[in-house]
Structures are given as structure tokens and as C-alpha cells.
Amino acid sequence: MRVLVVGSGGREHAIVRKAAASSLVSEVHCAPGNAGISRQAVCHPVADTDIAGITALAREIEPGLVVIGPEAPLCAGLAGTLAEAGFKVFGPGREAAMLEGSKGFAKEIMEAAGVATAGFARFVEYEAAMAHLSTTSFPVVVKADGLAAGKGVIIANAMAEAEDALRQCFLDRSFGDAGLEVLVEECLVGNECSVLALCDGETVVPLEPAQDYKRIFDGDRGPNTGGMGCYSPVPRVPGPFVEEIVENIHRPVIEELARRGIEFRGVLYAGLMLTGDGPKVLEFNVRFGDPETQAILPRLDSDLVELMLACASGALDRQQLRWKEDRAVTVILASAGYPLSSSKGDVIEGLDADGQLEGVEVFHAGTAEEEGRLVTAGGRVLAISALAPTFTEARRKAYTAADKVRFEGMQLRRDIAEEPARGEA
Ligand code: AMP
Ligand code: GLY
């Protein structure tokens, strides 16, 4: 069977690797892919949001499964178009993707399903939102409703910052149309955790949890990024706790969608704050996390393609997931200027001819090939994932590998998985 993966990041590289290793798969294709992905998949220069282009490509390749990685094509309705054309698709349709595409819609579903989340108010008018601020306590969280590439969330510590955030959304239109509806949300305190679950519209099966590091600098300082590193599993979220989270969060949401005639087939990612009052939802994503996927999938012993096919065809109840005991630590290498800007065309040195390093898995994100040389081509450039029996050892392997890589202005956090490693001492 041929598999087509849509997307071009480290997440897609991790999916492509697993697909290439599946006994069901003869050929992996990717659109558009990147320099690392091209080692395991045939890459096609079609943008992930080009629905007509991807559909035409699928007609050419005739894949047995199409996997849609990023949120933009999911929210644009690629899954529905491909399904109508007769393809099996891993990834929800446009309506279900609204869980990520509209934070207000996600709140509406959570309220109806009785799922715990931060208290909030929803606004479509600048003046009303400004007036509401006088009734809130600080810090408060201001969120653009729509997709804003991880940038539409502002934690305001005082009135002036909150007012500025509302101005950015409504007046400066810093987040485009995504910011014309705004949530003003209670600021939750606690540890964050990502719990992802596979869904076939009915059956919900959790993946092992992961902990993402969102800020650019060590000690959780500096601006938010797409994610600078990750580890999995999460010692403070053991198996029974994951089951409880899925029962109280993922399952009621899937059921509420089903009541509205919306089927969710794919992976539902709950970004959680573990508060003193229990886990509360910060956000839903309707896709695999990046870099969570680069830490989670290397630990998965089951055949990913078999699982995704089961999601696409409503047969997930017959699947059992198997995991490696090893711990996974993923360190992101980002380009100069990230996350405010990113540097392109810097030569990447230190990787072998396959774009890999011994003892770890290197997932390519923003990489390209120029005149035979590997160069940076985006904010997050590479993800280095190491597996080992302990977090301490996995960290050592990941950082030893990371220190072999060089490019101009390379940024990385040095404290990924420091906390669980300290717990082992
Ligand atoms: P989101 O894209 O909604 O996950 O927000 C990005 C990041 O902002 C989250 O990972 C949290 O670190 C932070 N955040 C979002 N909402 C809240 C909240 N209600 N309280 C505290 N932090 C939040
Ligand atoms: N790592 C956060 C995300 O994928 O949205």
C-alpha cells in the first residue's frame, strides 16, 4: 500500500518514518515534505493547503491512506474533499477541526459536554471586550479565536497589557481575521501536559502523554514558540490518570460532536493545565502535536499505519497499543531570530549523509537542500529524539547529539526533561 503524508515539519517526518517502517506500506509519499523527509518518502512540491492540488496528487498516487499533519489543511476541509474522492483519510473533517480552528467553538462544545476548562467570556466587539476588563482580575489571558500559528495567546499581567492585547486583535488586526473574535480567559496555574487520543468517531484510545516546553528560553522565559522540546511519558501523569483524563475530557467531547452529527476521525490533542482542582483544558488541537509526535512515536511499538487505517475506517476498537519502556527526550534546534523571525539559508553541519546522527533519531523540520548542502529553511530546524531506559540517559544522548550540530545562530533549550531526570536521582 502507498501512503501520502501531507505537511512539511518534524511531526510529518516522524509520521513518515513510522509509515516507512510499516509492513503494510510499499511506498511513502509526502507533500510538500522537506530535505530530511525526502530520504524516506517521495516528496511532491504541492502546498499542504492547496486542496485541489493535494486531491489531484492523491488521484495520481492512489494511496491506501492519506495522513494530514497540520491544522491549516484540516480546518480548510481537506479531509472531507479527499474522503469524497474515495480516499481513506486520517484527520477530521472541517466541522470537527473547528475544535482547533475556533477557540470559541471549542468552549461551546466543552460547556455542552461538561468538560473542565478556564472560565471565559467571548467578544466580537472591541468596546465590549475593553469594558469587560474592568471586571476581571489579573493575570488574564486574551486569545484570538482563530488559527494564529501559536501566536494568538497573550497572558496579560496588568490592565495595560490586556488593553494592548485587545488593540492588537481588534484594531491592529495583528492576527488577521483570527483576532476579530476574542476570548478573555481566566489564567490557570499548574503544570501543563499534552494528552493525545486516537479516535475513529466512536472509540477513543489514548496515546502516552507528553510534556512540551513552549517558551524559547531555559526556565520558561521569553516568548511562546511552537514548542522547543518535549519528553514522554510524563511521570506525574501515570496510566490510570491518563484513562481518567480521556474519560472526562476526550470522550465527552467526541460524544458531544457525534450528537451534533460531527464525526471525529484522527487524533484529538488536549493541552491541559493540571490545576489544584484537577486537569482543565487550555486548548484542543485536531492533529498530532509538534514536537510531541517526535517524542511519542519513537516509543510506539504498534504499527502506526494499521492504527491510522483503523481510525479512518471505524475499527479502532480492535486495536491494542504497545509501547516501549524507554523514556524519550526531544530537543529542538531552532534558527536565529526564532520565534519572532527565522533565518533561512544557513548551512547545517555535523549530520551524516542521511541527515542523521548515530544513537538518536533526527527529524527534519525547516531544512532544505541548496547546491547539495543542507541549509536552514524555517524557525524550527531539527528535532533530536533520544530513547533510553531513564530520562537522565535519554537527555545525555539527545544533548550529546545536539552538540554535534552547527549552524549560524542555532538556538536550543538546555533544560528539556531536567525535571523528570532530577526525579530519578
Ligand atoms: P494555547 O495555544 O491555547 O495552548 O495557549 C498557548 C499557551 O498559553 C499554553 O500552552 C499555556 O502555556 C498558555 N495558556 C493558554 N491559556 C491559558 C490559561 N487559561 N491560563 C494559563 N495559561 C494559558
Ligand atoms: N506543541 C504544541 C502544538 O503542537 O500545538
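Residues numbered from 1 in each chain as written. Chains lettered and ligands numbered in written order. Predicted model: local features only at pLDDT ≥ 70, side-chain atom pairs only at ≥ 80, totals over all residues. Heavy atoms only, no water.

## Brief notes about the site of ligand 2
Definition in use: Near, as used in this document, describes a residue that has one of its heavy atoms within 4 Å of the molecule or strand being considered. Polar contacts, as counted here, are pairs of nitrogen or oxygen atoms within 3.5 Å of one another; within protein the pair requires one atom able to donate a hydrogen and one able to accept it, and residues that are adjacent in sequence qualify only if both atoms are side-chain atoms. For accessible areas, the Shrake-Rupley method is used with a probe of radius 1.4 Å. Any residue's cover is judged against the shown protein chains and nothing else. Residues are grouped as follows: Ala, Val, Leu, Ile, Met, Phe, Trp, Tyr, Cys and Pro are nonpolar; Asp, Glu, Lys and Arg are charged; every other residue, Gly included, is polar.
Near ligand 2 you find Asp212, Lys214, Gly226, Tyr269, Asn285, Arg287, Gly289, Asp290, Pro291 and Glu292, and these make up its full shell. With respect to ligand 2, the side chain of Asp212 contributes an N or O atom lying 2.8 Å from a nitrogen atom. Separating a nitrogen atom of ligand 2 from a backbone N or O atom of Asp290 is a distance of 2.9 Å. Look at ligand 2: alone it shows 200 Å² of surface, and the protein chains cover 90% of it. For the shell around ligand 2, the class distribution of residues is two nonpolar, three polar and five charged.

## Quick notes on the packing of helix α7 (residues 126–133) against helix α8 (residues 159–171)
Rule in force here: Axis lines are fitted to C-alpha atoms, over the contacting stretch for helices. Their N-to-C directions set the angle, which ranges from 0 to 180 degrees. Numbering goes from the N terminus for both helices and strands, where a helix is a DSSP run of H or I of at least four residues and a strand is a run of E of at least two. Note on terminology: angles under 35 degrees are roughly parallel, angles over 145 are roughly antiparallel, angles of 65 to 115 are roughly perpendicular, and the others are oblique. Take the far helix as your reference; a near helix turned counterclockwise from it by less than a right angle gives a left-handed crossing, and one turned clockwise gives a right-handed crossing. Contacts are assigned to residue pairs with any non-hydrogen atoms lying within 4.5 Å of each other.
Two elements in contact, α7 and α8, have axes separated by 10 Å at closest approach and are oriented at 170 degrees. One finds that α7 runs roughly antiparallel with respect to α8. Of the two possible hands of crossing, α7 and α8 adopt the one that is right-handed. Along its contact with α7, which presents Tyr126, Ala129, Met130 and Leu133, the element α8 presents Met159, Ala162, Glu163, Leu166, Arg167, Phe170 and Leu171. Looking at the contact of α7 with α8 residue by residue, the class counts come to nine nonpolar, no polar and two charged.

## Observations concerning the pattern of salt bridges
Condition: Here a salt bridge means any side-chain nitrogen of Lys or Arg lying within 4 Å of a carboxyl oxygen belonging to Asp or Glu. Between buried and exposed lies partly exposed: a residue is buried under 20% and exposed over 50% of the maximum accessible area for its type, with that area taken using a 1.4 Å probe on protein chains only.
Throughout the structure, instances matching the rule amount to 28 salt bridges. Salt-bridge contacts for Arg39 lead to Glu369; the nearest nitrogen and oxygen are separated by 3.7 Å. With Arg39 in the loop between β2 (27–32) and β3 (42–43) and Glu369 in strand β21 (residues 367–370), the pair connects residues that are 330 residues apart, well separated along the chain. A relative accessible area of 30% means that Arg39 is categorised as partly exposed. In this structure, Arg318 and Asp317 form a salt bridge, with 3.9 Å as the shortest nitrogen-oxygen distance. Judged by its relative accessible area of 53%, Asp317 falls in the exposed class.

## As for the environment of Pro389
Along the chain, Pro389 turns up in the loop between β23 (380–388) and α12 (391–402). Spatially, the C-alpha atoms of Pro389 and Asp326 are 4.5 Å apart, while their sequence positions differ by 63 residues. If we skip the residues at most four places from it in the chain, Pro389 touches Asp326 and Arg327.

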